[in-house]
Amino acid sequence: MKKTYLVLYLLLLSAFSLKAQSLMSPESFLGYAPGEAFTPHHRVVDYVQHLTENSSNAIYMPYGKTNEGRALQLVVVSSEDNLANLAQIKKNNLIAAGFESGEISGKHLPIVWLSYNIHGNEASGTEAAMSVLYSLVSKDKAAATNWLNDMLIVIDPCENPDGRDRYVNWYNQTVGKTNNVNTDAWEHNEPWPGGRYNHYIFDLNRDWAWQTQLESQLRKETYYQFLPHVHVDLHEMGANSPYFFGPSAEPFHPVITDWQREFHNIIGDYNSKAFDKENWLYFTKEVFDLFYPSYGDTWPTYQGAIGFTYEQGGGSRAGLGVITNTGDTLTLKDRLTHHYTSSFGSIEAAYAQKDRLLTEFKKYFSDAKNNGNGTYKSFVISKENNEGSIKAILQLLDNHHIQYGLVGSGSKIKNAYDYMQNNSVIHTPNAGDIVISTYQPQGKMVRVLFEPKPVLVDSMTYDLTAWALPHVYGLKAYAYQENITVAGKVNHSFTKNSQEAEKPYAYYFEWNDFTDVQLLSQLLNADLKVRYALESFSSEGKNFERGTMIITRHDNRYISDFDKIIIDAANQLEQPLFTSTTGLMDQGKDLGSSYVRFIKKPSVAIINGDGVTPTAFGETWHYFEEELGFPVTVINTHDLDDVELSNYQVLILPSGSYYRYNSQILDFASSGGKVIALERAINLFSSDSGTALGQANAGKEANKTEEKKDNLLKKYGDQRRESLSKSVEGSIYKVYLDETHPLAFGAGSTTFLMKRNATVFPYLNNGGWNVGVFKNDSYTSGFAGYKLREKVKNSLAIGTEYYGSGDIIYFSDSPIIRGFWHSGKLLLANAVFLSGQ
Ligand SMILES: [Zn+2]
């Protein structure tokens, strides 16, 4: 702050001292004008609390704490009268949507929800939010009283406090006495992993639908209490870009209504007018499409709101000020002022359309309830699927207030799309299967989540283009063009395992879903000794598949409470246990056989740091920490030279570049370690002539001269199409599995992977196992360029090779992408716990 400003500011402060005593502006509360510094999150909390304590127009609603213990909070702004009746107003809105029964009584108000800073290092958002809040409650705009009388305005000043503080703390440590606008300066070059992500290095703006992260789960709970009519998610992008606001770019998902499109134009008009007045540059419609359902614009849109992404140029490269490519200085103050302006443009637009927002919102849900939506009107999940995967998908449906039930008997419907086979079949739903119909308030979301092949209007989307839930969960399921009515409730029942009078010789549990992995993890953590069956067997009249877990009394004879530990763990996870009183099998290998393999509890290390894709590391870390509860050691690439890798049995390489650590990693494998290389991490081995993959790859490269010649003659004007033809934006591929290999145990003969890696790997020959492969018909849904589609045919998806006295396991694509790809969680566990044991 310059001195002259400071004097001026103090004069102003004293002139308004009466007002300042109660409700303070961000400047008077924080001690600096908005944009002069980045505000640490605890100070944001202080200010928001101050504001709500000193205003009768704002209510403080904390909605939980982040992984690092920071407060997640909302402020609800409206008239005193509305806030006194908040419960009824919220209820009325849920009645209007059909989420609750009853009649609307009293006011039904439009709800505008503004969310800031979901990407932590897009840090102008939270600074803007404080100013927006102050303006609203101090009513410093002429129309404020009207807005507050006729609307609820909900503000989430910081959706990602952990990520934001990671950035802000770092910035405040690196900036000098005055900030430096030169991009070479330390303060403009944020270190790995960057504040964009939350604690577990997830991109929260890819997680709205899947809700794998704590912040998303907590936000969803409060979101469904309000169910807003307009949702704006405010972001930042590269510092050289002008401002972006709606209308969004194509593709728009087909469930998006004409009204939702129209309101995109309306809000665009309000914002452009406000920006024109200041002569600020902006653009619309070019990027940021509305397709992938897990963003802060699409997800609310599919819940009946009109959702928006706004983007200010800035982000972590911008700091307090930065020189842009046109020679201008972009300041934090500029950035937050733009966000402030578009926030009010949105509020104004919503106010102007307040009645229509309500009627169209109601219609959004009632249309689906009365008419269903899409070509396929109902989706059926076979009761033959394993219990764990069914439970997992039903949890996601519950989270979305999606209704489902049981198929009745006597169904005559026959034509269906079969998700597993990826084609049309004759199939009749069976009594007891689970049906999810689009004839319900959330019918459009049902379509979004289940539609086998969503239609892309334009292939230029910048994200995943397919996500049908039966593929995500690996479920036998069918889509029908007819509506199938629900005949009964799904009753979940679990018969608890109990101690048997005669102590069993061994316990067994089946291995076919991630819940089984969780049980294994708990038992290994309790130091129980567990084995697994390499071959199927039958014991005391029951058949057991390959991969069945076996816990013998003999192995665990020194564990006190052995029976109790295993029974309690299984009951907590609702896993049925089986027992036998003998080691002699009816069929198959006896329990003492070498075909019943001992699982040595592995010491697991995951590599992170420079060169590693942050979110690829994040999803792996979260998998062990939060989902599996199995200990891991995270090792940074900087420390690889000094770490004794031989202390670990399993080394996981998330997608990334590892060439600099070539010798450490290969030495680890050759001296008996197991390396699990995911996605781009495979390149290290495919370019090494010492691996089977490298040798196979060398053979493949030799045949590529024709294609290269072809490339030289490409046209400049075709470059976009040319690059699209070789790209994949996240599409679903069927993988054919070798069911006899432990890497595939429990997954059946086929599974599905989300393909994002455009590098294709050949089949392994010398000393390798091609456990999962892409065949001619593997392409299932989503966008994949025509050239790439050809290349992927007959290539490697999942493989393993012996290397020295250790082994290397390859996954061409992440089996657990973004933490939501349920079926792959078992495959990754096979790699960690079974393969090579
Ligand atoms: Zn962003």
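The coordinates are above.
Residues numbered from 1 in each chain as written. Predicted model: local features only at pLDDT ≥ 70, side-chain atom pairs only at ≥ 80, totals over all residues. Heavy atoms only, no water.

## Considerations on the nonpolar core
- With 96 residues, the main nonpolar core has Trp-511, Phe-624, Ile-676, Phe-685 and Phe-833 as its most contacted residues.
- A per-element tally of this core places helix H27 (residues 823–834) first, with eight residues.
- Sequence-distant contacts of Phe-833, defined by excluding residues within four places in its chain, comprise Val-517, Leu-520, Leu-524, Ile-599, Pro-602, Leu-628, Phe-630 and Lys-674. (Core = buried A, V, L, I, M, F, W, Y, C linked by side-chain atoms within 4.5 Å. Buried < 20%, exposed > 50% of the residue type's maximum accessible area, 1.4 Å probe, protein only. Helix = DSSP H or I, 4+ residues; strand = E, 2+ residues; numbered from the N terminus. Contact = heavy atoms within 4.5 Å.)

## So, the coordination of the zinc ion
- Those donors, His-119 (ND1), Glu-122 (OE), Glu-122 (OE) and His-235 (ND1), are the protein atoms that reach the zinc ion, and they lie 2.0 to 2.5 Å from it.
- For the zinc ion, the four donor atoms in the first shell make angles of 56 to 156 degrees at the metal, a pattern classed as irregular.
- Counting gaps between the donor residues of the zinc ion yields the pattern H-x2-E-x112-H.
- Note on Glu-122: relative accessible area 5%, which makes it buried. (Donors = N, O, S within 2.8 Å, 3.2 Å for Na, K, Ca; no water. Tetrahedral: all angles 85-135°; square planar, octahedral: opposite > 155°, others 65-115°.)

## Details of the environment of Met-130
- Along the chain, Met-130 falls in helix H7 (residues 124–138).
- Residues Met-130 and Val-604 lie 474 residues apart in sequence; the distance between their C-alpha atoms is 44 Å.

## Here's the deal with the pairing of strand S1 (residues 58–65)
- Here S1 runs beside strand S2 (residues 71–77); their pairing, made up of seven bridges, is antiparallel. For Pro-62, the partnering residue across the bridge sits in S2 and is Gln-73.
- Hairpin connection between S1 and S2: a loop of five residues separates the two successive antiparallel strands, and Gly-69 in this loop has a positive phi of roughly 85 degrees. (Pairing = 2+ DSSP bridges.)

## Some details on the sheet that holds strand S17 (residues 434–437)
- The antiparallel open sheet is built from six strands, whose spatial order is S14-S17-S13-S18-S15-S16. Here the strands that pair on one side only, and so sit at the sheet edges, are strand S14 (405–406) and strand S16 (423–426).

## Considering unusual backbone geometry
- The omega torsion of the bond from Trp-192 to Pro-193 falls at 0 degrees, within 30 degrees of zero and hence cis.
- Inspection of the secondary structure puts Pro-193 in the loop between helix H9 (161–174) and helix H10 (214–226).
- Of note, the amide linkage connecting Gly-246 to Pro-247 takes the cis form, showing an omega dihedral of 5 degrees.
- Structurally, the position occupied by Pro-247 is in the loop between strand S6 (243–244) and strand S7 (249–252).
- One non-glycine residue, Glu-679, lies in the positive phi region at around 50 degrees.

## What about the packing of helix H6 (residues 86–97) against helix H14 (residues 354–371)?
- Contact geometry of H6 with H14 gives a least axis separation of 8 Å together with a crossing angle of 45 degrees. Judged on the interaxial angle alone, H14 and H6 are oblique. On H14, the residues touching Asn-93, Ala-96 and Ala-97 of H6 are Phe-361, Lys-362 and Phe-365.
- Residues of the contact of H6 with H14, tallied by class, amount to four nonpolar, one polar and one charged. (Axes fitted to C-alpha atoms, helices over the stretch in contact; angles between N-to-C directions. Parallel < 35°, antiparallel > 145°, perpendicular 65-115°, else oblique. Nonpolar A, V, L, I, M, F, W, Y, C, P; charged D, E, K, R; others polar.)

## Structural notes on the side chain of Asn-271
- With respect to the helices and strands, the residue Asn-271 is situated in helix H11 (residues 258–278).
- Classification of Asn-271 by relative accessible area gives buried; the value is 0%.
- Only 3.0 Å separates the side chain of Asn-271 from the side chain of Tyr-310, close enough to count as a polar contact.
- With residues up to four places along the chain from it excluded, the contact list for Asn-271 reads Phe-245, Tyr-310, Thr-341, Ser-342, Gly-345 and Ser-346. (Polar contact = N/O pair within 3.5 Å; in protein donor to acceptor, adjacent residues only side chain to side chain.)

## Things to note about H9
- If you check H9, its first and last C-alpha atoms are 20 Å apart, about what 14 residues at 1.5 Å a residue would give, namely 20 Å.
- Judged by how many residues are buried, H9 sits mostly within the fold: ten of 14 residues are covered.
- Burial in H9 covers these residues: Pro-161, Asp-162, Gly-163, Arg-164, Asp-165, Tyr-167, Val-168, Trp-170, Tyr-171 and Thr-174. (Expected span 1.5 Å × (residues − 1).)

## Concerning the packing of helix H18 (residues 514–525) against H27
- Put simply, H18 and H27 touch, their axes get as near as 8 Å, and they point 35 degrees apart. As for the relative orientation of H18 and H27, their crossing is left-handed in sense. Mapping the contact onto sequence places Phe-514, Val-517, Leu-520 and Leu-524 in H18 and Lys-825, Leu-826, Ala-829 and Phe-833 in H27.
- Partitioning the contact of H18 with H27 into residue classes produces seven nonpolar, no polar and one charged. (Left-handed = near helix turned anticlockwise from the far one by under 90°.)

## Quick notes on the pattern of salt bridges
- As enumerated under the stated definition, the model contains 27 salt bridges in all.
- Note that Asp-568 is salt-bridged to Lys-564, the shortest N-O span being 2.6 Å. In this pair, Asp-568 and Lys-564 both sit in helix H19 (residues 562–572), four residues apart, roughly one turn of the helix.
- Several salt bridges share partner residues, and in doing so they unite Glu-68, Arg-70, Asp-162 and Asp-165 into one network. (Salt bridge = Lys/Arg side-chain N within 4 Å of Asp/Glu carboxyl O.)

## Some thoughts on the packing of aromatic side chains
- Within this structure, the stated rule accounts for 53 aromatic pairs.
- Taking 4.9 Å as the distance between ring centres and 50 degrees as the angle between the ring planes, the aromatic pair formed by Tyr-243 and Phe-275 counts as tilted. Highlighted residues: Tyr-243 in strand S6 and Phe-275 in helix H11, separated in sequence by 32 residues. With respect to burial, Tyr-243 and Phe-275 carry one shared label: buried.
- Here the aromatic residues Phe-99, Trp-113, Trp-208, Tyr-223, Tyr-224, Phe-226, Trp-299, Phe-361, Tyr-364 and Phe-365 are joined through ring pairs into a cluster of three or more.
- The ring of Tyr-351 has Lys-354 lying over it, and the distance from NZ or CZ to the ring centre is 5.5 Å.
- Taking NZ or CZ as reference, Arg-789 lies 3.8 Å from the ring centre of Tyr-779, over its face. (Phe/Tyr/Trp six-rings, centres within 6.5 Å; stacked < 30°, edge-to-face > 60°. Lys NZ or Arg CZ within 6 Å of the ring centre and 35° of its normal.)

## Focus on a negative patch on the surface
- Together, Glu-500, Glu-502, Glu-540 and Asp-586 give the surface a local cluster of negative charge.
- Within the element layout of this structure, Glu-540 appears in the loop between strand S21 (537–539) and strand S22 (542–544).
- For Glu-540, a relative accessible area of 41% corresponds to the partly exposed category. (Patch = residues over 30% accessible without salt bridge, like charges linked within 9 Å, V, L, I, M, F, W, Y side chains within 5 Å. Areas by Shrake-Rupley, 256 points an atom, 1.4 Å probe, with all protein chains shown as cover. Lys, Arg positive; Asp, Glu negative; His and termini not counted. Charge placed at Lys NZ, Arg CZ, Asp CG, Glu CD.)

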